[in-house]
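Structural features, examined
These are the residues of each chain, in order.
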Amino acid sequence: MKLGHILIPHIYILPSFSLPTYSCIRLFPPSPNNLSLSFPVRKRAVPSICNMSESTETGAEIVVERRSLYPPIEPYNNGFLKVSNTHTLYWEQSGNPDGHPVVFLHGGPGGGTSPNNRRFFDPKFYRIVLFDQRGAGKSTPHACLEENTTWDLVNDIEKLREHLKIPEWQVFGGSWGSTLALAYSQSHPDKVTGLVLRGIFMLRKKEIDWFYEGGAAAIYPDVWEEFRNLIPENERGSLVDAYHKRLNSNNLETQYAAARAWTKWEMMTAHLLPNDGNIQKAEDDKFSLAFARIENHYFVNKAFFPSDSYLLDNIDKIRHIKTTIVQGRYDVVCPMMSAWDLHKSWPEADLKIVDDAGHSANEPGIGAELVVANEKMKAFVK
């Protein structure tokens, strides 16, 4: 918001008034006496009134100026948490140790976290928690499928929350991370202060069929043929099952070949415009093996949900939670039909469609809306 000629790149809560059609009313004009005023976040309201659609429960209006990622930061501590006799998870914390906790749920499953994931959050406001899910990233054992189900991961999130002595936290997840965020919040709604979801994936049959059984081939026929051609014609009735056989082969080279092809298919289609850095991940055998094996394991097992519409059927458990959904219009990996289905079942959630983006959180428009969503969440922290 502009105050005089100063741009204040933060979020503020403004008093709510009934306004005519003006979009903004300045309560006093710029002058040498007010240009240097400083208004700390969450302590003093900016002296202007804006008629905006976003509001708090008390009717106060929210203004957000920041849309860019925050600068890179390093964790202030990290560690490993043993969550079962088999699995140990890597975790880290960055930002403000006394800030509002937020947990980042990565995609895949099997994708792991990266330093860039910290940059969606204001490090002065948030206590940022990242962790690698079972078998992914720095967690051990690598690419392990034993004791690796959605409900194991939901329990892991709770174990990590308790380990870090966090009473409740905001949950942020994209792609598979949105699946896990929904499953976790529906299981523990009293522990969730808000949700930011991106690239909605509910692991329904029509979503898997779209991306892995030929639907997305209509948009990427050249890339699809490379993915499909690893599998002999007589096994193409279900490519997910055919890849499952190879990703669990006793021959490690067979696993690696299948993992590279599986991962390349997703990396080639994740951005609106090709991203060479993302595509090169498929050539990293360690990354691609965990990514492909764990993804495929969850897809073959239908996310271990009791029904195809499980997440939609349980929306009432989380309907009260402040939520923003960010969705790329041209997302090929997790097409917009899923975000739309979720929005229709949950109209209380705020749906932001990014018209010039695909799937990745690293697309400029999606990254901007994720930052805005996190900025707006500050107003709802009690």
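Residues numbered from 1 in each chain as written. Predicted model: local features only at pLDDT ≥ 70, side-chain atom pairs only at ≥ 80, totals over all residues. Heavy atoms only, no water.

Named according to an unreviewed UniProt entry, the protein chain is Proline iminopeptidase originating from Eruca vesicaria subsp. sativa. Checking UniProt for the protein chain, the heading Catalytic activity (unreviewed entry) contains the comment "Release of N-terminal proline from a peptide." For the protein chain, the Subcellular location (unreviewed entry) comment in UniProt is given as "Cytoplasm". (UniProt positions renumbered as here; feature names shortened; annotations may be inferred.)

1. Observations regarding the overall build of the protein chain
Each helix and strand in the protein chain was counted, giving 11 helices and 14 strands. A burial count over the protein chain gives 56% of its 382 residues as buried. Partitioning the intrachain contacts of the protein chain with sequence separation of at least 6 by distance along the chain shows that 73% fall at a separation of at least 24. Of the roughly 16,700 Å² of accessible surface on the protein chain, a fraction of 51% belongs to carbon and sulfur atoms. (Helix = DSSP H or I, 4+ residues; strand = E, 2+ residues; numbered from the N terminus. Buried < 20%, exposed > 50% of the residue type's maximum accessible area, 1.4 Å probe, protein only. Contact = heavy atoms within 4.5 Å. Areas by Shrake-Rupley, 256 points an atom, 1.4 Å probe, with all protein chains shown as cover.)

2. Thoughts on a nonpolar patch on the surface
A grouping of L272, L273 and Y330 is seen on the molecular surface, where their side chains present a nonpolar patch of about 330 Å² in accessible area. Assignment of secondary structure puts L272 in the loop between α6 (252-269) and α7 (276-280). (Patch = residues over 30% accessible without salt bridge, like charges linked within 9 Å, V, L, I, M, F, W, Y side chains within 5 Å. Salt bridge = Lys/Arg side-chain N within 4 Å of Asp/Glu carboxyl O.)

3. What to know about the sheet that holds strand β8 (residues 88-95)
On the basis of which strands lie adjacent, the open sheet formed by eight strands has the order β7-β8-β10-β9-β11-β12-β13-β14 and mixed pairing. Among the strands making up the open sheet, the edge pair consists of β7 (77-82) and β14 (350-354). Taking each pair of neighbouring strands and ignoring which way they run, the sheet shows an average axis angle of 20 degrees. In the packing of helix α11 (residues 364-377) onto the sheet, the strands contacted are β10 (126-131), β11 (169-174), β12 (192-198), β13 (323-328) and β14, and the crossing angle to β12 comes to about 170 degrees. (Pairing = 2+ DSSP bridges. Axes fitted to C-alpha atoms, helices over the stretch in contact; angles between N-to-C directions.)

4. Overview of the pairing of β7
Direction of pairing for β7 relative to β8: antiparallel, over a ladder of six bridges. Note on β8: the bridge partner recorded for N78 is E92. Connecting β7 to the antiparallel partner β8 that follows it, the hairpin turn spans five residues.

5. A short note on the packing of aromatic side chains
Applying the stated criterion across every chain yields a total of 26 aromatic pairs. For the ring pair F104 and F172, a centre distance of 5.4 Å and an interplane angle of 20 degrees mean the geometry is stacked. Of the two residues, F104 is situated in strand β9 (residues 100-105) and F172 in strand β11; the sequence distance between them amounts to 68 residues. Ring geometry for F211 and Y212: centres 4.8 Å apart, planes at 85 degrees, overall edge-to-face. Exposure class is identical for F211 and Y212. Each is buried. Members of the aromatic cluster, each reached through a chain of ring pairs, are F201, F211, Y212, W224, F227, Y243, W262, W265 and F299. The lysine or arginine in question, R66, covers the ring of Y70, its NZ or CZ lying 3.8 Å from the ring centre. Seen from the ring of Y90, K138 lies directly overhead, with NZ or CZ sitting 4.6 Å from the centre. (Phe/Tyr/Trp six-rings, centres within 6.5 Å; stacked < 30°, edge-to-face > 60°. Lys NZ or Arg CZ within 6 Å of the ring centre and 35° of its normal.)

6. Looking at the side chain of D152
Secondary-structure assignment places D152 in helix α1 (residues 150-163). We note that D152 is buried and unpaired, the nearest opposite charge coming from R134 at a distance of 4.1 Å. Setting aside residues no more than four positions away along its own chain, D152 makes contact with R134 and E147. (Lys, Arg positive; Asp, Glu negative; His and termini not counted.)

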